[in-house]
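Structural overview for review
The lines below spell out each chain.
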Amino acid sequence: MAKFRWTKLGKVFTPQTVTDRPWLKEFAQAPASLVLDEAVRIYFSCRPPPDAAGQYVSYSAWVDLDRRDLRRVKAVAEAPILELGETGTFDEFGTYPVSVARAGDEIRAYYGGWTRCESVPFNVAIGLATSADGGRTFQRAGAGPLLSYTPDEPFVLSGPKIRRFAGTWYLFYIAGTKWKIVSGRPEPVYKIRMATSPDGLRWTRHRRDLVESRVEEDEAQASPDVFWRDGRYHMLFCYRYSADFRGKARGYRIGYASSTDLLEWSRDDTQAGIDVSDEGWDSEMVAYPHVFEVDGTVYLAYLGNQVGRHGFGLARLDSTGAGGGRSP
Amino acid sequence: MRWKKLGRIFDPTQFALPNGCTHFAQSPQALVFDDRVRIYFSTRSLEAATGKYLSQVAWADFDKGLGRVLRVSSRAALELGGLGCFDEHGIFPLSPVRVDDAVYAYTTGWSRRVSVSVETAIGLAISRDGGERFERVGTGPVLAPSLREPYLVGDGFVRRFGGRFHMWYIFGTRWKRPVSGGEPERTYKIGHAVSDDGVAWEKEEGRQIVPDRLGPDESQALPTVLRIGDRWHMFFCYRQSFDFRSNRERAYRIGHASSGDLEIWERADDDPRLEVEDRGWDADMMCYPNAFECEGRVYLLYNGNQFGRYGFGAAVLE
């Protein structure tokens, strides 16, 4: 029996329902929560229509869900939380995805910044921005990235998830290991990594892939979402094959690993407790999990088919093997 | 102090270079041996698929007076990086330094971008056989962009003073289109980082250590540092950020600064000054300096016109 049992609540936000924001045409990717007094703010990343060459840029924004009924949308951001970077900067063509955390009076956003390359389509590095208005808008901490490339993390540093456990900041993210030519086109292979920090600014990298690959050596892993419950750390993440992954058979699924020390992780995807539906918006893939707790209930936000092109949904945790959770 | 020019000492068109390269011997970098001086330089091959250049590192061994070429490398000192890596489209320069029994090579890797022409970062490759073959410490860079150094980190020059590794390098401050239109051009300044092992570096994070002479549009490149007497001296090249390729009034010149503490640098381009000539191989441009000591004399290697298309020359300090 799965460790977690999730009840799907359906899709809660559909970007196509927002018609007066040209930068928010489709996609609501990589949901990340910030619990407010009256709402749960879910940050996501979206795209305007592609340019004449078929190229997308991505922005990050938020939607406020009613804290008493998370299926009810109260508000949608009037503008992206961050403009794109200037010419030549790491985030000139996209700010996606984003993960937020409170730090005193300010809110910090760790995000993937996208640039375009010639031999491969893109590169990504992790940036930092802060908000002084409760998470409505953000300003960059600098024009460059907070986490850039290193000898053993050579490209595609993305998917940051910021967490704090026992006074230490943890950044879970992905790092590219190779560009693989698939049907004549370079596709990145990436694995889950971790860094730690006393202040969220100066980081020490763990320099190891945290989670073993299961479906194939070149399995791509993303969205490492870590939470503490029942005396151990749990990670939900998503994974897919390296080729032909845009359909159901080899597309994203949600995996699971657990750890007692955040360093050694044991993978067992049968424990994730969520899979594709027989039909509907999440019938081909489930991806980009994010777990949050509000008013005593644990929720899972995630993406469905086409990696969130038509929005994100929620599931509610019904049971686990043992009692309630408490942060260390 | 005064530079005495020795003229051009290496013409790439006169040698068979690796990878079929026929022109360019850029950013010469010396490594002194008991019986010779090896000078690494970047030459260029053409990439068939794009028709664009790839910078490749070769070397030439000279006698210790720099008057005679003894031997030229038959293959690249380091192959270019793999698909999507920071050094996929060029290594320029490769800057060697002896560290105990090894030779560390700090490389500037080039990779092409779409909205701007290029991005760079600094890699490290290590040779255990005296500078013949180098092996990367990893496929990614050791010095890359950061919050206040957003792009174009390159030109790493490393020396160990007092048990500490120091790196002087450049970082980009701006990509800007010229008023007259055209592609964005870059501006960069000289920065400084320190390290205990030569691999993990701590930057000063955006501090420009050498003052501008031409104002904010001055681009500074290729810092090289050595001790002469009781002070440290830095040579570098500088130019205007726009219209610098064919206008000799705005092209690269050799700059100089000195320091008593490796913290504060006083700029003094005229002492010693590398004179501009009316005509000849280095009359339009002088760039990419590398200073070193050999047999008690201080030499400066540098490139001339067209960024070193026709080779490099040398000067000796008097």
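Predicted, not measured: the structure shown is a model, and the values here were computed from it.

All names here are of chain A. Counting buried residues in strand 18 (residues 287-294) gives 7 out of 8 residues, a clear majority hidden from the surface. Direction of pairing for strand 18 relative to strand 19 (residues 297-303): antiparallel, over a ladder of 6 bridges. Within strand 19, the residue paired with histidine 290 across the bridge is alanine 301. Hairpin connection between strand 18 and strand 19: a loop of 2 residues separates the two successive antiparallel strands, and aspartate 295 in this loop has a positive phi of roughly 50°.

Take the confidence of the model for chain A next. The pLDDT averaged across chain A works out to 95; a share of 97% of its residues lies at or above 70. Below a pLDDT of 50 lies the segment residues 322-328 of chain A, which in the model reaches 13 contacts outside its immediate sequence neighbourhood of four places, other chains included.

Before going further, it helps to spend a moment on the sheet that holds strand 14 (residues 218-228) of chain B. Strands sit in the order 14-15-16-17 (chain B) across an open sheet of 4 strands; the sheet is antiparallel. Two strands in the sheet have a free side with no partner beyond their single neighbour: strand 14 and strand 17 (266-267) of chain B.

Take the pattern of salt bridges next. This structure, assessed with the given rule, holds 57 salt bridges over all chains. For lysine 203 of chain B, the salt bridge identified is with glutamate 149 of chain B, shortest N-O distance 3.0 Å. Linking lysine 203 of chain B in strand 13 (residues 201-203) with glutamate 149 of chain B in the loop between strand 9 (135-136) and strand 10 (151-161), this pair joins segments that are 54 residues apart in sequence. When sorted by exposure, lysine 203 of chain B lands in the same class as glutamate 149 of chain B, which is buried. Within this structure, Asp152, Glu153, Arg193, Arg205, Arg207 and Asp209 of chain A form a network of salt bridges that share partners.

Right, let's talk about the packing of aromatic side chains for a bit. Residues and elements named next belong to chain A. By the definition in use, this model includes 46 aromatic pairs over all chains. Relative to tryptophan 179, the ring of phenylalanine 155 has its centre 6.2 Å away and its plane inclined at 50°; by these criteria the two rings are tilted. You can see phenylalanine 155 sitting in strand 10 (residues 155-165) and its partner tryptophan 179 sitting in strand 11 (residues 168-182), a full 24 residues away along the chain. The pair phenylalanine 155 / tryptophan 179 is uniform in exposure class, with both members buried. Through pairs of rings, three or more aromatic residues link up here, namely Phe165, Tyr170, Phe172, Trp228, Tyr233 and Trp265.

Here the focus is the environment of leucine 66 of chain B. Residues and elements named next belong to chain B. Relative to the helices and strands, leucine 66 resides in the loop between strand 4 (53-62) and strand 5 (69-72). What makes leucine 66 buried here is its relative accessible area of 3%. Residues leucine 66 and isoleucine 9, 57 residues apart in the sequence, show an inter-C-alpha distance of 7.1 Å. Dropping the residues within four chain positions of it, leucine 66 is found in contact with Ile9, Val37, Ile39, Phe292, Tyr299, Leu301 and Ala314.

The rules we used
- Residues numbered from 1 in each chain as written.
- Chains lettered and ligands numbered in written order.
- Predicted model: local features only at pLDDT ≥ 70, side-chain atom pairs only at ≥ 80, totals over all residues.
- Heavy atoms only, no water.
- Buried < 20%, exposed > 50% of the residue type's maximum accessible area, 1.4 Å probe, protein only.
- Helix = DSSP H or I, 4+ residues; strand = E, 2+ residues; numbered from the N terminus.
- Pairing = 2+ DSSP bridges.
- pLDDT = per-residue confidence, 0-100.
- Contact = heavy atoms within 4.5 Å.
- Salt bridge = Lys/Arg side-chain N within 4 Å of Asp/Glu carboxyl O.
- Phe/Tyr/Trp six-rings, centres within 6.5 Å; stacked < 30°, edge-to-face > 60°.

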